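As a plain string of letters, each chain reads:
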Amino acid sequence: MKTSSPVKAPATTAAAAAPPATGKLEWRSLLKWLVEDGVIEAEAARQTEARFAAGNSALHPLVRLGNAGLTRADTGRVMDVEAMTEWLAARLKMPYLRIDPLKVDVGRVADVMSANYAEARRCLPIQVGMTEVTVATAEPLDAGWVSQIESHTRKRVKLVLANPQEISRFTTEFFTLARSVRAASKSGEVSQTASFEQLVELGRSNKQLDANDQGVVQVVDWLWQYAFDQRASDIHLEPRRDMGAIRFRIDGVLHTVYQLPPSVMAAMTARIKLLGRMDVVEKRRPLDGRIKTRNPAGEEVEMRLSTLPTAFGEKMVMRIFDPDTAVKDLSQLGFSTHDAERWTRLTAKPHGIILVTGPTGSGKTSTLYSTLKRLATDEVNVCTVEDPIEMIEPSFNQSQVLASIDFGFADGLRALMRQDPDIIMVGEIRDLETAEMAIQASLTGHLVFSTLHTNDSVSAITRLTDLGVPNYLIDATVIGVLAQRLVRTLCPSCKVPDPEVTLDTLNETLKPWRLSGGVKPYKPVGCLDCRNTGFRGRAGLYELLMLSDTVRRHLHPHTDMTALRRQAVQEGLRPLRLGGAMKVAEGLTTMEEVLRSTPTWENQT
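By the naming in an unreviewed UniProt entry, the chain is Type II secretory pathway, ATPase PulE/Tfp pilus assembly pathway, ATPase PilB, taken from Roseateles depolymerans. Annotation of the chain in UniProt includes, under Sequence similarities (unreviewed entry), the sentence "Belongs to the GSP E family."

What follows is the structure, given as structure tokens:
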């Protein structure tokens, strides 16, 4: 980092290319311009002026006017602070920007200017390129300082107009983070780059920063709060050769958030391991842990921790579990009315095995916890064996698989059979022994839930057969299989109708299946709310196979899976891709997203 600061530069420095400084914004001028542009009525401006003239305010003029409740003369839309800023940018012919914190080059903010300098001029560096620095400002008429920054950075400054409230908030957050990282870096000696050959010696290094160093503590606290604000489902801390990377998974897509010196990232990992009651010294083998904390709304949040030794250090992934998962109803999870009714009927049965299948990250845990939460009344005993326990739920009796003491799924199930359970959930059926114990539990009058990794619902039968389970036991115990996927849903703030998608084009894609009725397809556009992806949030696609007596007739040593699937379709099974197409017709997602997330028709017909 450069040692010189723009704060110390002479105030008389000027650049020929910089726009003239004409002072700060003033609310009277803004009111006048709003009337001139026909944005508000003259009478509304007079009333506002009379109200403002009665007192002084330290608020920025745009904020003050944005809080005044003014409405557009043409549309009646309320002119809030964001709308005021967008209008002013258009009037001054300046680029308008809503700040997306994930796209701000936080690591280089402090290289451009100091915190005091940014606060005094109500500006914030957003991006630092090879030849240009983008700076958001809340004072577009006060640009006399631009030449100082250009001289300091030796780059051209591009000014954009942004919401004054966001500039104030992010100035505090970004510079505080930069100070914490800088303090953490200075508090210990930066370790040498860890190569693959040095990996086994990582745990013996004495050159790591203290996990309890105040700078490290602040960076970790910022990381979690930031992840909660951004709706992240996973946090990745990835050590690399020169700089460590922090990435968030949001709506199934990874975003790079920040880069840190390797020593700071190692200290952050140590801090998180300490809080998760993990072995801080052991860095040569994978470890698991968990942390419970609170999000900004005050809700308890569970985080599952996992570390993995890599060529350049210890990688950590934190999976964040939505505190509302266990209380979501079936429609919130994405179930259609048709499948919700069938799933409710299936889970009300007194005994049998119900399997939930899908790849990692397809929402199986959310479905199981939400279902078990509704079934866990005072009259029943719900017990689980998990690896690891995903979320702590007081209404369940949860057990953790511990490989270190040879306590596996089969051992846990064997123990649960003596605990007078009514409903049992097994984290995953991985081997024949676990499958046999689940079958035994079902045959003795228990309702058993578990998961498998298969492409669709019918393939679960094949998977059990491959494990060595006889067909007659599958026939006697398995009562249903739910296959699922997650698809990104269109951002409600910016999606627009898609005239190119019609019922005919959908049915052409769906062959041999067909939809009927009206369709209201939409397409993605992109805005700040969805980070210009066009998607915000995810919803489940479900395929529910219920093993009726007619479906069971197809279970024999030489089962014809195609015939079994056709029979299930006749009795109400809707393939994953068909369920996705129905969400396209409702305007919730796109066909491209459905095709990307679901198995091909060869596996569905």
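Structure's up, so let's keep going.
Participant: Please explain the overall build of the chain as it appears in this structure.
Facilitator: Looking only at helices and strands, the chain features 22 helices and 18 strands. The buried share of the chain, taken over its 605 residues, is 51%. Of the contacts made within the chain by residues no fewer than 6 positions apart, 66% connect residues no fewer than 24 positions apart.

Participant: Would you mind going over helix α15 (residues 432–443) with me for this structure?
Facilitator: The first and last C-alpha atoms of α15 sit 16 Å apart over 12 residues, in line with the 16 Å expected at 1.5 Å per residue. Within α15, the full set of buried residues consists of Thr-434, Ala-435, Met-437, Ala-438, Ile-439, Ala-441 and Ser-442. Buried residues along α15 sit in contact with β10 (352–357), α14 (409–416), β13 (423–426), β14 (447–452) and α17 (471–477).

Participant: Help me understand the side chain of Thr-269 in this model?
Facilitator: Along the chain, Thr-269 falls in helix α10 (residues 262–275). By relative accessible area, which is 2% here, Thr-269 ends up buried. With sequence-adjacent residues up to four places away left out, Thr-269 is seen in contact with Leu-237, Glu-314 and Met-316.

Participant: Would you mind going over the packing of helix α1 (residues 27–36) against helix α2 (residues 42–53) with me for this structure?
Facilitator: The geometry of a pair of packed helices is captured by two quantities: the angle between their axes and the separation between those axes. It is the contact of α1 with α2, at a shortest axis distance of 9 Å, that shows an interaxial angle of 170 degrees. With respect to their mutual orientation, α1 and α2 come out roughly antiparallel. Taken together, the residues of α2 that come into contact with α1 (itself represented by Trp-27, Arg-28, Leu-31 and Val-35) are Ala-42, Ala-45, Thr-48, Glu-49, Phe-52 and Ala-53. Its residues placed into classes, the contact of α1 with α2 shows 7 nonpolar, 1 polar and 2 charged.

Participant: Help me understand the state of the cysteines, please; the structure alone is not making it clear to me.
Facilitator: Covalent bonding between the sulfur atoms of two cysteines defines a disulfide. Per the counting criterion, the structure on display carries 0 disulfides. In this structure Cys-491 is a free cysteine whose sulfur lies 3.8 Å from that of Cys-527, the closest cysteine sulfur available.

Participant: When you look at the sheet that holds strand β12 (residues 397–400) in this model, what are you seeing that I'm missing?
Facilitator: Adjacent strands of a sheet form backbone hydrogen bonds with each other and so pair up, either parallel or antiparallel. The 7 strands lie next to each other as β12-β11-β13-β14-β10-β15-β18, forming an open sheet whose pairing is mixed. The open sheet terminates on both sides in strands that have one partner only, identified here as β12 and β18 (535–546). Each neighbouring strand pair of the sheet contributes to a mean axis angle of 20 degrees, computed without reference to strand direction. Its contacts with the sheet put helix α21 (residues 576–585) on β15 (478–490) and β18, and the angle it makes with β18 is roughly 140 degrees.

Participant: Please explain the sheet that holds strand β6 (residues 253–260) as it appears in this structure.
Facilitator: Across the sheet, which stays open at both edges, the 6 strands sit in the order β6-β5-β4-β9-β8-β7 with antiparallel pairing between neighbours. Edge strands, defined here as strands with exactly one partner in the open sheet, are β6 and β7 (287–294). Here the strands of the sheet are splayed against their neighbours by 20 degrees on average, with no regard to which way each runs. On top of the sheet, α10 reaches β4 (234–238), β5 (244–250), β6, β7, β8 (300–310) and β9 (313–321); it is set at about 50 degrees to β9, its chief contact.

The rules behind each value
- Residues numbered from 1 in each chain as written.
- Predicted model: local features only at pLDDT ≥ 70, side-chain atom pairs only at ≥ 80, totals over all residues.
- Heavy atoms only, no water.
- UniProt positions renumbered as here; feature names shortened; annotations may be inferred.
- Helix = DSSP H or I, 4+ residues; strand = E, 2+ residues; numbered from the N terminus.
- Buried < 20%, exposed > 50% of the residue type's maximum accessible area, 1.4 Å probe, protein only.
- Contact = heavy atoms within 4.5 Å.
- Expected span 1.5 Å × (residues − 1).
- Axes fitted to C-alpha atoms, helices over the stretch in contact; angles between N-to-C directions.
- Parallel < 35°, antiparallel > 145°, perpendicular 65-115°, else oblique.
- Nonpolar A, V, L, I, M, F, W, Y, C, P; charged D, E, K, R; others polar.
- Disulfide = S-S within 2.5 Å.
- Pairing = 2+ DSSP bridges.

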